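Examining the three-dimensional arrangement
Read off the chains here:
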Amino acid sequence: QVQLVESWGGTVQAGGTRRLSCAASGRTISRYDMGWFRRAPAKEREFVAAITWDAGTIYYADSMKGRFTISRDHAKNTKYLQIDSLKPEDTAVYYCAVRVQSGGNYYSPSGYGSWGQGTQVTVSS
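Description of the structure in this document. Just so we're clear, the structure is a prediction, and the values are computed from it rather than from any experiment.

1. Here we look at the state of the cysteines
Applying the stated criterion across every chain yields a total of 1 disulfide. Between the sulfur of Cys-22 and that of Cys-96 lies a disulfide, 2.0 Å long from S to S. Measuring handedness by torsion sign, the sulfur bridge of Cys-22 and Cys-96 sits at about 70° and is right-handed. Residue Cys-22 is found in strand E3 (residues 18-25), and its partner Cys-96 is found in strand E9 (residues 92-99); the two are separated by 74 residues along the sequence. Residue Cys-22 is classed as buried on the basis of its relative accessible area of 0%.

Listed below in structure tokens is the structure:
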């Protein structure tokens with residue numbers, strides 16, 4: 001069973017940049033597709049980005065294109081989510097997860113498992 005731990009959230013000023021990390025332990029994630037989701041206060045969890053195991057295909061939510069960059073480092077068994085030009089509406093808890101379903105809809109949380117505990121990002125204006 002893989003365990004995921006997100007980190008490097010925090011309070012950031014609007015316009016700033018933050019790179020979140022998702023470190024895996026228990027097994028290698030090099031052969032897993034991975035995803036990032038977020039949950040803003042009083043809102044449903046929403047898809048942010050996903051990356052296939054070989055980084056050959058990357059998915060972004062339409063509203064996230066341009067400011068969000070997902071990447072992975074197999075050597076460190078870690079994946080990342082960089083957020084540029086942060087806005088107050090990016091305030092949320094950010095979660096990473098392993099894709100446990102082959103194929104299907106990468107934008108739905110139902111195909112993911114081994115969710116981390118999340119890391120809070122708060123953007124101040």
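2. Description of the packing of aromatic side chains
Inspection of the entire model under this criterion finds 7 aromatic pairs. Ring geometry for Tyr-112 against Trp-115: centres 6.2 Å apart, planes inclined by 55°, an arrangement best described as tilted. Owing to a relative accessible area of 6%, Tyr-112 belongs among the buried residues under this scheme. Through pairs of rings, three or more aromatic residues link up here, namely Phe-37, Phe-47, Tyr-59, Tyr-106, Tyr-107, Tyr-112 and Trp-115.

3. Points about the pairing of strand E5 (residues 46-51)
Burial within E5 is extensive, with 5 of its 6 residues counted as buried. Two strands pair when backbone bridges link them, and strand E4 (residues 34-39) and E5 are joined in this way by 5 bridges, in the antiparallel orientation. Bridge assignment links Met-34 to a residue of E5, and that residue is Ile-51. Connecting the antiparallel pair E4 and E5 is a turn made up of 6 residues, with Ala-42 showing a positive phi of about 65°. As paired elements, E5 and strand E6 (residues 58-60) share 3 bridges and run antiparallel to each other. If you follow Ile-51 over to E6, its bridge partner there is Ile-58.

Rules of the game
Residues numbered from 1 in each chain as written. Predicted model: local features only at pLDDT ≥ 70, side-chain atom pairs only at ≥ 80, totals over all residues. Heavy atoms only, no water. Disulfide = S-S within 2.5 Å. Helix = DSSP H or I, 4+ residues; strand = E, 2+ residues; numbered from the N terminus. Buried < 20%, exposed > 50% of the residue type's maximum accessible area, 1.4 Å probe, protein only. Phe/Tyr/Trp six-rings, centres within 6.5 Å; stacked < 30°, edge-to-face > 60°. Pairing = 2+ DSSP bridges.

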